[in-house]
Amino acid sequence: MSIAYNPSLQCQLPIILALFQGGLLVVFILYVDYDDQTSSLPLSNSTLPKDNQLYEIFPFFKDINVMLFIGLGLMLSFLKLYSFGGVAFNFLIANFSIQWSLVVQGFFNHYEDGRIKLGLENVLNAEFAAVTAMISAGAILGRVSPIQLLILCLLEIPLYVVNDWLIHKYFHIIDVGGTVAIHVFSCYFGLGISRIFYHPELRVGHTKETTTPNSDLLSLVGTLFLWIFWPSFNSVVAKAGNAQHRAVLNTFLALSASTLTTFAMSSLLSKKGQISLVHLQNATLAGGVAIAISADMIITPGGALGLGCLASISCILGFQYLSPLMARRLKVQDQCGIHNLHGLPGIIGTLGSIIAVLFSPIDISDLSLNDDLYYTNGLKEGSSALEALGSNGTWNSRDQAMGQAAALGVTFGISLLGGYMTGLLLKIPCLVHPSYEFYFDDQPYFQIKDISENNWNSKDKHDRNLLMPLKEV
Amino acid sequence: MSIAYNPSLQCQLPIILALFQGGLLVVFILYVDYDDQTSSLPLSNSTLPKDNQLYEIFPFFKDINVMLFIGLGLMLSFLKLYSFGGVAFNFLIANFSIQWSLVVQGFFNHYEDGRIKLGLENVLNAEFAAVTAMISAGAILGRVSPIQLLILCLLEIPLYVVNDWLIHKYFHIIDVGGTVAIHVFSCYFGLGISRIFYHPELRVGHTKETTTPNSDLLSLVGTLFLWIFWPSFNSVVAKAGNAQHRAVLNTFLALSASTLTTFAMSSLLSKKGQISLVHLQNATLAGGVAIAISADMIITPGGALGLGCLASISCILGFQYLSPLMARRLKVQDQCGIHNLHGLPGIIGTLGSIIAVLFSPIDISDLSLNDDLYYTNGLKEGSSALEALGSNGTWNSRDQAMGQAAALGVTFGISLLGGYMTGLLLKIPCLVHPSYEFYFDDQPYFQIKDISENNWNSKDKHDRNLLMPLKEV
Amino acid sequence: MSIAYNPSLQCQLPIILALFQGGLLVVFILYVDYDDQTSSLPLSNSTLPKDNQLYEIFPFFKDINVMLFIGLGLMLSFLKLYSFGGVAFNFLIANFSIQWSLVVQGFFNHYEDGRIKLGLENVLNAEFAAVTAMISAGAILGRVSPIQLLILCLLEIPLYVVNDWLIHKYFHIIDVGGTVAIHVFSCYFGLGISRIFYHPELRVGHTKETTTPNSDLLSLVGTLFLWIFWPSFNSVVAKAGNAQHRAVLNTFLALSASTLTTFAMSSLLSKKGQISLVHLQNATLAGGVAIAISADMIITPGGALGLGCLASISCILGFQYLSPLMARRLKVQDQCGIHNLHGLPGIIGTLGSIIAVLFSPIDISDLSLNDDLYYTNGLKEGSSALEALGSNGTWNSRDQAMGQAAALGVTFGISLLGGYMTGLLLKIPCLVHPSYEFYFDDQPYFQIKDISENNWNSKDKHDRNLLMPLKEV
């Protein structure tokens, strides 16, 4: 039963956000302080201003912000009537998740003497966590309310932090750009939720699930921003010097190969050789996902190209054959095709990293040679792997390969189960959620004119609103 | 009385620009030279190429250019029929103001031995000046001709330079990101002009003062570009090292808090909980304005969050209650709501800086500890405050707090009066200005098709032009 | 005779791309290896990670990528029905050309001991080559199929590499930003092709050769991205330190002068003083093209401004008078006006560089003073000029001036002839190419809805497709 939606959104959104932002403010005042890179305490005498971590991180940080806010936002704005939902809700949950991650990761990783020490590096790590929530949300784009999106973030961020810790601590995963930690995790978390939000009617297509040339073009521009700055994303936590240079180069090569492969595959699979915009918007990025895990390894330039090709092929085949199958058989409706962009290339990339670990010219037990290889995201903080490996030297490349595979499996399980549970919670009747007629529609959430008809007068607009797009079941 | 507009725009725009660009060319040839960072003279032997100021400034400079040209341009393109006016006139007056500032600031600050010494730092400072003109123009967006906008820039830039010098020289203001020097100044200058351009008919709404979902979306993308690069804007002149790092971090936190607060407040204040796009496009940036003045101070991360919340709340309340009131009572029609984004958060930010100065853990008279704090935009050039403070040590935090407050007051007065006088000048009948029917319309200025009707044939277009959108009174 | 187009595009595009990407993969595996900046071999002990070339190149590299993919892509999307053709084919040929250049330039310049050594610098140089193909394609935008575009890239890239080598090796050209090597070359190559694709009916205008306010606005945004990052493009290969700083500053000044001049000239030349969007989208960038060749020379700030003015004037006069003339008399139809943006300003810029070389305060034979001046793109690799000049000292500024002029002439001849021959090849009947009715139309290539009518139902779309937009003659 649908009841009037106005009171509920107007209540729930301000209340949740006020509680959250107010609570966070209290936590920040009580527990958060500048770290030694941002406080006013003088650094040691030998430290020059130029050596501040800012100059190492900030150039990459800005690129990643363009990716998160402009790139992903525009990419998600492909629906004709839900462009603000794409851009603005992405903006909302990004900020919500970043702040939430600062606290969760702060207590988990940066808690010293009763204080969380804060610098730009924390924000960077918080953005990695936020990305997972933003990707997961793609699976149910346009089918949930902002309230539900915020709950999603609240639950996914801590699970991400735990999983990230687990696969680094116990499986010593090497994953500089987050293929497993970010892409695979977010994908299966999102699919887990999507399973709960299965809606049989969607199988015949929703009248509002449509694009315009203009919305498709802006979405493609979003993809281009992601494409351009993906090398920064994959290399930001790589070890400074040659390893970071290699991470940039390998990522660029993989993306470039993905792009050409996408044009070829998309043309091949369409009836008239016409290129699909969905493929362009997604599969051109598949190489960036796949190579994230091995971007700083010695995979050779040819290896990077090959991985980009495979990732793009898997992505397009996923869109063409697997997504319809999953919707039909597994009742998983994947709105943005995150399984094709993040899941399949993530698995391929992990397999690639296993091959690289096994056949890389570097002896993996020789840390003096391969510290390049080990200096990755997780190790930077915990560095338990480094210590473990350094002390006894019994960890060899086969062990590492097993670790990579095990981390993939564990992440798959945790995220899928976590997503499924989260989905159940999001279905709680007291949360605002849109009625089926208002799926893929900005109208319930934003004060905009109705563009579904060529009619702009306000009377018409008010009439439409009587349809009560949001409901509490 | 309206007469044919064609001759006048065609005469005035080329003549003004040719005179200006020609005159500037002469001034540049006679007076401007490369500085020691750009000339071919060898630097001292101990100076490495890497130490060139370029590498310190350029990464920030590029970000600020994206903000000025893309961010602000798109943000101003929200009107359905005036999108080119938003983007292209912003582009025009940015360049006009930058070049003009290079000369004005050059003679004012960089004049040595009969030559102005020019490097990228000058351009950066010129862009700060240009921003004030670009913000002020927002108050009368769509209601004046490009001729009037250029006169506005001609007059505002020198006044900005004088005011900036005054508040640093005599009030020793600490204002690393320009809350007072840029935001407050430009706001009240713009409102002063707007008072003169009061038009009673606008109170019932202009038929062309409307947006489309697409124009609103592009405007929001502009906001996102501003949001992403705002930390660069606030930190570029901060002292290298920890202070600059802190400026980036504080600004990011304030912006993030503003964003969540905006979603909450906007939903709360609308009848149906729907979020206002105007609020999204503006209030999410309010934290960046407010924190500009104290970004490099030790305000604590919690302080940054809190300031962002307050700034956003003030901005939204301004849009909701104060702007209509000002239009009705004070006859100030603020087209883009610059008072809400730059004025109110600017005042709040200045109050915040006073609190920070009074209660900051650093003893403000102890320069060896707080040089972080004092190394700000204005002091970099004049450094009179530093000298004054260093020599006698009688300047304490209460004096500094008074200085901040006095600078705000002085800036308020100068800018409001300056804007009012400028407005009077812009009304001079011999300047081209648009007739009321052609407010918020690109048609008088750009060779575009008329999109106000769903009719594209050229005959119709020519008929419309007979309406004579520009007039000389 | 037109036959069904579906089989052909669906065959040719995947086959060409698969052959190309597959072949390249083999070449990469057999011949390409990391260079000493990206391999895992330890650098010499005295080399710090921070000294890796990545940190020198990457900040510029990212800017140039934004220019190529977003800037140029959006700029080319001005046609109402061909926006995807603009953005996506630009994306396609950029990647195709970059990969192809990596191999061609690799064997030409970086082949050591049977291996091509690969680092980010190679990709940067490959992008310079790719730009030429992307610019040339502008001359025939919308009038050829992607198959033809790929063949164009295949042929133009090697010729660019040869011409670039020639003008540096034998004429010792100083051309830090590629005025001659990139802009002049690509322009006349494109015009050579365009001559072959002359179509008399286009003289009366094609029904689909039209823009919308929205497509014009996005194109202008593309221009702005190009404008903002042009200083990076012109300075990336300048010598680190003062020379690079000067290249950034000079380019910015030239662009700024171009912008103001464009507004003045465009208004002056239109019947009603209205500004042309075509002029805004192009002539504001003319200064960047013209100054590229002398950006790091001691041309004085006034010289940079003046050059920007002249370049913009030439560009606008070209659009107004020369382009129609060339179409009528020379049967060269220049779709995007590349002659006006790249040809005329390129010639003016080269003349400017000759004047600078002749009258620059630096004695050009004194290498200890002017190594700034000589450290340019080509010399970085070949450095034959440096050696030649250093050894005997007989090379004086008149010789250099002659070299600049001769390089312009040689480039003009090679590119025009090369383009003409390439055009003949592109006309080969077996290549897919669009029929006249489907010029300037995305429909044959992309799975999009037909927006040429206000009718979105799929039946209508399929009917249109019966018109067979692509043909094999």
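Residues numbered from 1 in each chain as written. Chains lettered and ligands numbered in written order. Predicted model: local features only at pLDDT ≥ 70, side-chain atom pairs only at ≥ 80, totals over all residues. Heavy atoms only, no water.

1. What about the overall build of chain A?
Thinking step 1. Along its length, chain A carries 17 helices and five strands.
Thinking step 2. Across the 473 residues of chain A, 67% fall into the buried class.
Thinking step 3. For chain A, restricting intrachain contacts to residue pairs at least 6 apart in sequence, the fraction spanning at least 24 positions comes to 83%.
Thinking step 4. For chain A, the computed accessible surface area is about 14,900 Å², with 64% contributed by carbon and sulfur atoms. (Helix = DSSP H or I, 4+ residues; strand = E, 2+ residues; numbered from the N terminus. Buried < 20%, exposed > 50% of the residue type's maximum accessible area, 1.4 Å probe, protein only. Contact = heavy atoms within 4.5 Å. Areas by Shrake-Rupley, 256 points an atom, 1.4 Å probe, with all protein chains shown as cover.)

2. Considerations on the relation of the copies chain C and chain B
Thinking step 1. Of the two same-sequence chains, chain C is brought onto chain B (RMSD 0.0 Å, axial shift 0.0 Å) by a rotation of 120°. What we have between these two chains is a three-fold relation. Of the C-alpha atoms belonging to chain C, the one lying closest to the rotation axis is found on proline 59 of chain C, 4.4 Å away.
Thinking step 2. Taken together, the interface assignments show that only 5% of the residues at the interface of chain C recur at the interface of chain B, consistent with different surfaces on the two copies. (Least-squares fit on C-alpha atoms with pLDDT ≥ 70 in both.)

3. Focus: the sheet that holds strand E1 (residues 32-34) of chain A
Residue and element names in this part refer to chain A.
Thinking step 1. Reading across the sheet, the three strands line up as E1-E3-E2 and stay open at both edges, with mixed pairing between neighbours. Each having just a single partner strand, E1 and strand E2 (111-112) make up the two edges of the open sheet.
Thinking step 2. Pairing of E2 with strand E3 (residues 115-118) involves two bridges; the strand directions are antiparallel. Counterpart to glutamate 112 in the pairing with E3 is arginine 115.
Thinking step 3. Contacts from helix H3 (residues 83-109) reach E2 and E3, with the element oriented near 115° to E3. (Pairing = 2+ DSSP bridges. Axes fitted to C-alpha atoms, helices over the stretch in contact; angles between N-to-C directions.)

4. Points about helix H12 (residues 338-359) of chain A
Residue and element names in this part refer to chain A.
Thinking step 1. For H12, built from 22 residues, the straight-helix expectation of 32 Å at 1.5 Å per residue is met to within 8% by its first-to-last C-alpha distance of 30 Å.
Thinking step 2. Maximum bend of H12: about 25°, positioned at glycine 346.
Thinking step 3. For H12, the buried fraction is high: 16 of the 22 residues fall into the buried class. (Expected span 1.5 Å × (residues − 1). Bend = angle between axes of the 7 residues up to and from the residue.)

5. Re the packing of aromatic side chains
Thinking step 1. One pass over the structure, following the stated rule, counts 75 aromatic pairs over all chains.
Thinking step 2. Look at tyrosine 439 of chain A and phenylalanine 440 of chain A: their rings are 5.8 Å apart centre to centre, the planes differ by 80°, and that puts the pair in the edge-to-face class. Both residues of the pair, tyrosine 439 of chain A and phenylalanine 440 of chain A, count as buried.
Thinking step 3. Taken together through their ring pairs, the aromatic side chains of Phe58, Phe61, Phe69 and Phe91 of chain A together with Phe60, Trp227 and Phe252 of chain B make up a single cluster.
Thinking step 4. For the cation-ring pair, lysine 208 of chain B lies above phenylalanine 438 of chain B, with the distance from its terminal atom to the ring centre recorded as 4.2 Å.
Thinking step 5. Above the plane of the ring of phenylalanine 58 of chain C lies lysine 62 of chain C, whose end atom (NZ or CZ) is 4.7 Å from the centre. (Phe/Tyr/Trp six-rings, centres within 6.5 Å; stacked < 30°, edge-to-face > 60°. Lys NZ or Arg CZ within 6 Å of the ring centre and 35° of its normal.)

6. Observations regarding the interface of chain C and chain B
Interfaces are often sized by the amount of accessible area the parts lose when they come together.
Thinking step 1. Of the residues lining the interface, 63 residues belong to chain C; the matching set on chain B comes to 68 residues.
Thinking step 2. Regarding the contact of chain C and chain B, the summed buried area is about 5,500 Å², with carbon and sulfur atoms giving 71% of it.
Thinking step 3. It is His245, Leu260 and Lys272 of chain C that lose the most area in chain C upon contact with chain B, and together they represent 14% of the buried surface on that side.
Thinking step 4. For the pair chain C and chain B, the interface holds one salt bridge.
Thinking step 5. Note that lysine 62 of chain B and aspartate 63 of chain C form a salt bridge whose closest N and O atoms lie 2.6 Å from each other.
Thinking step 6. Where chain C touches chain B, the interface holds 23 residue pairs in polar contact (both at pLDDT 80 or more).
Thinking step 7. Elements with a minimum of two residues in the side of chain C that touches chain B: helix H2 (54-75), helix H7 (213-235), helix H8 (242-269), helix H9 (277-283) and helix H11 (301-330) of chain C.
Thinking step 8. With 19 residues, H8 of chain C is the largest single contributor of residues to the side of chain C that touches chain B.
Thinking step 9. Looking at the side of chain C that touches chain B residue by residue, the classes come out as 34 nonpolar, 22 polar and seven charged. (Buried area = accessible area lost by both parts, 1.4 Å probe. Salt bridge = Lys/Arg side-chain N within 4 Å of Asp/Glu carboxyl O. Polar contact = N/O pair within 3.5 Å; in protein donor to acceptor, adjacent residues only side chain to side chain. Nonpolar A, V, L, I, M, F, W, Y, C, P; charged D, E, K, R; others polar.)

7. Overview of the packing of helix H4 (residues 120-138) of chain A against helix H6 (residues 179-196) of chain A
The geometry of a pair of packed helices is captured by two quantities: the angle between their axes and the separation between those axes.
All names here are of chain A.
Thinking step 1. Packing of H4 against H6 leaves a shortest axis separation of 8 Å and a crossing angle of 35°. Considering the relative orientation of H4 and H6, their crossing is right-handed. Only Ala181, Ile182, His183, Phe185, Ser186, Phe189 and Gly190 of H6 make contact with H4, whose side of the interface consists of Phe128, Val131, Thr132, Ile135 and Ser136.
Thinking step 2. When the residues that make up the contact of H4 with H6 are grouped by side-chain class, the tally is seven nonpolar, five polar and no charged. (Left-handed = near helix turned anticlockwise from the far one by under 90°.)

8. Notes on a nonpolar patch on the surface
Residue and element names in this part refer to chain B.
Thinking step 1. On the surface, a cluster of nonpolar side chains totalling about 560 Å² of accessible area is made up of Val26, Ile29, Leu30, Tyr31, Phe107 and Tyr111.
Thinking step 2. For the nonpolar patch, the leading source of residues is helix H1 (residues 6-31), giving four residues.
Thinking step 3. If you trace the backbone, phenylalanine 107 turns up in helix H3 (residues 83-109). (Patch = residues over 30% accessible without salt bridge, like charges linked within 9 Å, V, L, I, M, F, W, Y side chains within 5 Å.)

9. Comments concerning the interface of chain B and chain A
Thinking step 1. With 63 residues of chain B at the contact, the number on the chain A side is 67 residues.
Thinking step 2. A per-residue breakdown of the area chain B buries against chain A is headed by His245, Leu260 and Lys272 of chain B, which together make up 14% of the total.
Thinking step 3. Where chain B packs against chain A, one counts one salt bridge.
Thinking step 4. With 19 residues, the top contributor of residues to the side of chain B that touches chain A is helix H8 (residues 242-269) of chain B.
Thinking step 5. Counted by class, the side of chain B that touches chain A contains 34 nonpolar, 22 polar and seven charged residues.

10. Quick look at the environment of aspartate 113 of chain B
Thinking step 1. With respect to the helices and strands, aspartate 113 of chain B occurs in the loop between strand E2 (111-112) and strand E3 (115-118).
Thinking step 2. For aspartate 113 of chain B, a relative accessible area of 78% corresponds to the exposed category.

11. Description of the pattern of salt bridges
All names here are of chain B.
Thinking step 1. Scanning the model with the defined rule gives nine salt bridges over all chains in all.
Thinking step 2. Lysine 208 is the salt-bridge partner of aspartate 441, the closest N and O atoms lying 2.6 Å from each other. Note that aspartate 441 is positioned in the loop between strand E4 (433-434) and helix H17 (458-465) and lysine 208 in the loop between helix H6 (179-196) and helix H7 (213-235), a separation of 233 residues in sequence.
Thinking step 3. On the basis of relative accessible area, aspartate 441 is assigned to the buried category, the value being 5%.
Thinking step 4. The exposure class of lysine 208 is buried, given its relative accessible area of 10%.

12. Some points on the sheet that holds E2 of chain B
Residues and elements named next belong to chain B.
Thinking step 1. Spatial strand order, E1-E3-E2: three strands in an open sheet with mixed pairing. A single partner strand is all that each edge strand has here, and the edge strands are strand E1 (32-34) and E2.
Thinking step 2. Across the sheet, H3 touches E2 and E3, and the angle it forms with E3 is around 115°.

13. Description of the side chain of histidine 342 of chain B
Residue and element names in this part refer to chain B.
Thinking step 1. Topologically, histidine 342 is positioned in helix H12 (residues 338-359).
Thinking step 2. Here histidine 183 takes part through its side chain, which lies 2.9 Å from a polar atom of the side chain of histidine 342.
Thinking step 3. When sequence neighbours within four positions are dropped, the list of residues in contact with histidine 342 reads Ile135, His183, Val184, Cys187 and Val289.

14. Here's the deal with the pairing of strand E3 (residues 115-118) of chain C
Residue and element names in this part refer to chain C.
Thinking step 1. Burial of the side chains of E3 is restricted to one face: Ile116 and Leu118 are buried, whereas none of Arg115 and Lys117 on the reverse face is.
Thinking step 2. Where strand E1 (residues 32-34) and E3 come together, three bridges link them in parallel fashion. Bridged to tyrosine 34 within E3 is leucine 118.
Thinking step 3. Between strand E2 (residues 111-112) and E3, which follow one another and run antiparallel, lie two residues, and aspartate 113 among them has a positive phi close to 50°.

15. So, the environment of serine 235 of chain C
Residues and elements named next belong to chain C.
Thinking step 1. Checked against the element boundaries, serine 235 lands in helix H7.
Thinking step 2. For serine 235, a relative accessible area of 0% puts it in the buried group.
Thinking step 3. For the pair formed by serine 235 and glycine 308, sequence separation is 73 residues and the distance between their alpha carbons is 17 Å.
Thinking step 4. Residues in contact with serine 235, not counting those within four places in the same chain, are Phe60, Gln244, Ala247 and Val248.

16. Digging into the relation of the copies chain B and chain A
Thinking step 1. Each copy superposes on the other: chain B lies on chain A with an RMSD of 0.0 Å after a rotation of 120° and an axial shift of 0.0 Å.
Thinking step 2. Of the residues that chain B buries at the interface, just 5% are likewise interface residues in chain A, meaning the two copies contact each other through different surfaces.

17. Comments concerning the environment of serine 397 of chain A
Thinking step 1. Note that serine 397 of chain A resides in helix H16 (residues 397-426).
Thinking step 2. C-alpha separation for the pair serine 397 of chain A and alanine 327 of chain A, spaced 70 residues apart in sequence, amounts to 39 Å.

18. Things to note about the confidence of the model for chain A
All names here are of chain A.
Thinking step 1. Confidence in the prediction for chain A averages 87 pLDDT; 85% of positions are at 70 or higher.
Thinking step 2. When the criterion is pLDDT under 50, residues 1-7 qualifies, and its contacts beyond four places in sequence or with other chains add up to 22 contacts.
Thinking step 3. Every residue in residues 363-392 scores below 50 in pLDDT, and together they form 64 contacts with partners more than four places removed in sequence or on other chains.
Thinking step 4. Interface confidence in the predicted complex, given as ipTM, is 0.91; pTM for the same model is 0.92. (pLDDT = per-residue confidence, 0-100.)

19. Focus on the nonpolar core
Thinking step 1. By size, the foremost hydrophobic cluster in this structure holds 459 residues, and its most contacted members are Phe446 of chain A, Phe446 of chain B together with Phe446 of chain C.
Thinking step 2. Excluding its chain neighbours within four sequence positions, the residues that come into contact with phenylalanine 446 of chain C are Gln274, Ile275, Leu277 and Leu280 of chain A together with Phe84, Gly85, Ala88 and Phe89 of chain C. (Core = buried A, V, L, I, M, F, W, Y, C linked by side-chain atoms within 4.5 Å.)

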